[in-house]
Amino acid sequence: MALALARRFLQPLPRWRVIVTDGVLYTVVLLVCAALAAWAAGDEAPIDSAFVTGIFALFSLQLPAGWGLCAWRSGHLEVVLTSSPATEHA
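## Things to note about helix α2 (residues 15–40)
Turning to step 1, where the next piece is worked out: Look at α2: 37 Å from first C-alpha to last across 26 residues, which is about the 38 Å you get at 1.5 Å a residue.
Turning to step 2, where the next piece is worked out: Those residues of α2 that sit buried are V18, D22, G23, T27, L30, L31, A34, A35 and A38.
Turning to step 3, where the next piece is worked out: G42 sits one or two positions beyond α2 and adopts a positive phi of about 90 degrees.

Here's what the structure looks like:
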């Protein structure tokens with residue numbers, strides 16, 4: 001849902017910026033959800049728990065897989081800016 005909202009409210013971007021934006025947004029949503037879950041469970045340091053979850057997601061290849069999917073998906077989006085027709089013929 002966060003990625004759909006980002007596409008709705010952001011202007012069309014070049015492909016590399018879509019990949020960076022989506023990857024950062026995916027990571028932020030993961031950290032916020034982990035912090036909220038830790039806080040709801042009564043953890044004294046929910047931010048620390050969120051970053052432990054983020055580190056685990058990095059080493060278990062969840063984050064790299066998410067970033068790879070963001071890169072793959074950006075090639076199929078209509079909101080990604082492509083080169084203009086004038087530069088394609090040159």
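Further notes follow.
## What to know about the confidence of the model for the protein chain
Caution is warranted with low-pLDDT regions, since their predicted coordinates should not be read in detail.
Turning to step 1, where the next piece is worked out: When the pLDDT values of the protein chain are averaged, the result is 84; 87% of them are 70 or greater.
Turning to step 2, where the next piece is worked out: In the model of the protein chain, helix α5 (residues 85–88) stands out as the element of lowest mean pLDDT, 52, in contrast to helix α3 (residues 46–59), which has the highest, 94.

## Topic: the environment of V28
Turning to step 1, where the next piece is worked out: Inspection of the secondary structure assignment puts V28 in helix α2.
Turning to step 2, where the next piece is worked out: Residue classification places V28 among the partly exposed residues on the basis of a relative accessible area of 41%.
Turning to step 3, where the next piece is worked out: C-alpha of V28 to C-alpha of G54: the two residues are 26 residues apart in sequence and 9.4 Å apart in space.

Conventions adopted
- Residues numbered from 1 in each chain as written.
- Predicted model: local features only at pLDDT ≥ 70, side-chain atom pairs only at ≥ 80, totals over all residues.
- Heavy atoms only, no water.
- Helix = DSSP H or I, 4+ residues; strand = E, 2+ residues; numbered from the N terminus.
- Expected span 1.5 Å × (residues − 1).
- Buried < 20%, exposed > 50% of the residue type's maximum accessible area, 1.4 Å probe, protein only.
- pLDDT = per-residue confidence, 0-100.

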